Amino acid sequence: MDRFIQLGLVASVEAFADSGIVVSDSLAPRFGVAVGAGIGGLQTIEDTTALYSTRGHRRVSPFYIPGSIINMISGNVSIRLGLKGPNIAIATACSTGTHSIGQAARMIQYGDADAMLAGGAEAGVTPTAVAGFSMARALTRHNAVPREASRPWDVDRDGFVIGEGAGVVLLEEFEHARQRGARIYAELAGFGLNADANHMTQPLPDGDGAAQCMVNAVRDAGVSAESISYINAHGTSTPLGDIAETKAIKLAFGDHAYDMMISSNKSMIGHLLGAAGGVEAISTILSVHHQIIPPTINLDSQDPECDLDYVPHTARDVSIEAAISNSFGFGGTNGSLVFRRLQ
């Protein structure tokens, strides 16, 4: 298996074990998997291409294809755990994890499943990936002090730090979870998705696409905009992206934007590409559960165009009724999730 599959499989097994759920014969057909990736098995593709070029086709492994294609996280998880319900893999760049969780929830709402493992994984620190992002001028050049390189909303930000990882949650229909006495961290209340229809890599400058995505998620959740007190932002540390997301939040929430708290996990863990939405959804869920907001580190000199409360440097103990997790990807694809404290 390519490393991205290994990461996704481990995260899925950890989520499954944490849930305490038991897969009975009756539950197996109602228990699915939706774990995707933005890029997939790039390291395996690079290595196999080099081997093919120097040693010929007979040196290509028969595991090359099943060891690198994106749906093999979901496939291997279902095989490992005996899950016979819906089995899909979404690939929407950096929105992958968010879209996977949102669409998995809708499968449960629609009646196709009672439980779903959902999220994203990525192992994109490879020579061609780093070269490609670098040539696109997406990566930071603050390489002398790595821990200070990712600095969302700071005047000195100049690009993101590429990372690897996986984040998977177990979604379960509420009554099903309650009847088995499950520990419920939060309620997934709403999901929004849309497209900028603007540019291959750049967000809409006025943030309109991301704003409408958040509005869609809040509407789907059936909550008021004023009930959202925290946004776990996409917050990549790119010059254009951070300004566009700031404008989007103000466009979506109006004056309430200045009463909200916003932070970026990417300041601490970098940008996990297709895994970002899964990992950041988990962080948002735990913020709602523990009533703690993680900080944005390295925010030493705030960009005047980014004028909201980004929780610089220090975590906060606060009261959170509902929170949003945002993910925006190349191609202009957007996703937002609303998590609510269990009433």
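For the structure itself, look to the data block above.
Residues numbered from 1 in each chain as written. Predicted model: local features only at pLDDT ≥ 70, side-chain atom pairs only at ≥ 80, totals over all residues. Heavy atoms only, no water.

A closer look at the pattern of salt bridges
Our working definition: Salt bridge, as used here: a side-chain nitrogen of Lys or Arg that lies within 4 Å of a carboxyl oxygen of Asp or Glu. Helix and strand definitions follow DSSP, with helices as H or I runs of at least four residues and strands as E runs of at least two, each counted in order from the N terminus. Accessibility here uses a 1.4 Å probe with only protein chains present; expressed as a share of the type maximum, an area under 20% marks a residue as buried, one over 50% as exposed, and anything in between as partly exposed.
Counting across every chain of the model gives 15 salt bridges. A salt bridge links D18 to R183, with the shortest nitrogen-to-oxygen separation between them at 2.7 Å. Remark: R183 occurs in the loop between α6 (174-179) and β5 (187-195) and D18 occurs in helix α1 (residues 3-19); sequence separation between them is 165 residues. D18 gets classed as partly exposed once you look at its relative accessible area, which sits at 40%. In this structure, D309 and R316 form a salt bridge, with 2.7 Å as the shortest nitrogen-oxygen distance.

Description of the sheet that holds strand β7 (residues 261-263)
The condition is simple: Strands are treated as partners if at least two bridges between them are detected by DSSP. To define axes, lines are fitted to C-alpha atoms, for helices over the stretch in contact only, and angles between the resulting N-to-C directions are given on a 0 to 180 degree scale. By the convention used here, residues are in contact when the closest approach between their heavy atoms is within 4.5 Å.
Spatially, the five strands line up as an open sheet ordered β5-β11-β10-β6-β7, and their pairing is mixed. At either end of the open sheet lies a strand with only one pairing partner, and these are β5 and β7. Direction aside, the axes of adjacent strands within the sheet are offset by 20° on average. Sheet topology places strand β10 (residues 322-329) next to strand β11 (residues 333-340); eight bridges connect them, and they run antiparallel. Paired with F328 across the strands is N334, a residue of β11. Across the sheet, helix α4 (residues 96-110) lies against β5, β10 and β11, angled at about 120° from β5, the strand it touches most.

What about the side chain of N232?
What counts is decided by this rule: Side-chain atoms alone can form a polar contact between residues adjacent in sequence; in general such a contact is a pair of N or O atoms within 3.5 Å, and within protein one must be able to donate a hydrogen while the other accepts it.
With respect to the helices, strands and loops of the structure, N232 is situated in strand β6 (residues 228-232). Relative accessible area serves as the criterion here: at 0%, N232 is assigned to the buried category. A distance of 3.3 Å separates polar atoms of two side chains, one belonging to N232 and the other to Y230. Residues in contact with N232, not counting those within four places in the same chain, are S263, N265, E280, S283, T284, I324, S325 and N326.

Examining helix α7 (residues 208-221)
Our working definition: To estimate the expected span of a helix, subtract one from its residue number and multiply by 1.5 Å.
Between its terminal C-alpha atoms α7 stretches 20 Å, which fits the 20 Å expected from 14 residues at 1.5 Å a residue. Along α7, the positions that sit buried rather than exposed are G209, A210, A211, C213, M214, N216, A217, V218 and A221. Packing partners of the buried residues in α7 comprise β5, β6, α8 (239-253), β10 and β11. One or two positions beyond α7, positive phi appears at G222, with a value near 70°.

A closer look at the packing of aromatic side chains
Our working definition: For Phe, Tyr and Trp, where Trp contributes only its six-membered ring, two rings pair if their centres lie within 6.5 Å, and the inter-plane angle classes them as stacked under 30 degrees, edge-to-face over 60, or tilted in between.
Under the defined criterion, the tally for this structure stands at four aromatic pairs. Between the aromatic rings of F133 and F330, the centroid separation amounts to 6.2 Å while the plane-to-plane angle is 55°, which identifies the pairing as tilted. Here the residue F133 occupies a position in helix α5 (residues 127-135), and F330 occupies one in the loop between β10 and β11, the gap between them amounting to 197 residues. A relative accessible area of 13% places F133 in the buried class. Residues W153 and Y310 carry aromatic rings whose centres are separated by 4.2 Å and whose planes lie at 15° to one another, so their mutual orientation is stacked. Of this pair, W153 sits in the loop between α5 and β4 (165-172) while Y310 sits in the loop between β8 (292-293) and β9 (316-317), placing them 157 residues apart in sequence. Accessibility expressed as a relative area gives 1% for W153, which makes it buried. Every member of this aromatic cluster is reached through a ring pair, and the members are F133, F160 and F330.

Let's talk about the sheet that holds strand β2 (residues 87-88)
If you walk across this open sheet you meet the four strands as β2-β1-β3-β4, and the pairing is mixed. In this open sheet, the two edge strands, each paired with only one partner strand, are β2 and β4. Bridge analysis of strand β1 (residues 31-36) against β2 gives two bridges, and the strand direction is parallel. Bridge pairing links A34 to I88 in β2. Seen against the sheet, helix α3 (residues 72-81) touches β1, β2 and β3 (115-122) and runs at an angle of roughly 150° to β1. With respect to the sheet, α4 is in contact with β1, β2, β3 and β4, its orientation differing from that of β3 by roughly 170°.

Some words on the environment of R106
Within the secondary structure, R106 sits in helix α4. With 84 residues separating them in the primary sequence, R106 and G190 have C-alpha atoms 9.7 Å apart. Not counting chain neighbours up to four residues away, the residues in contact with R106 comprise F191, L193 and D220.

Remarks on the side chain of S327
Along the chain, S327 turns up in strand β10. Overall, S327 belongs to the buried group, its relative accessible area being 0%. Apart from the residues lying within four places of it in its own chain, the contact partners of S327 are C94, S95, T98, H234, G277, T333, N334 and G335.

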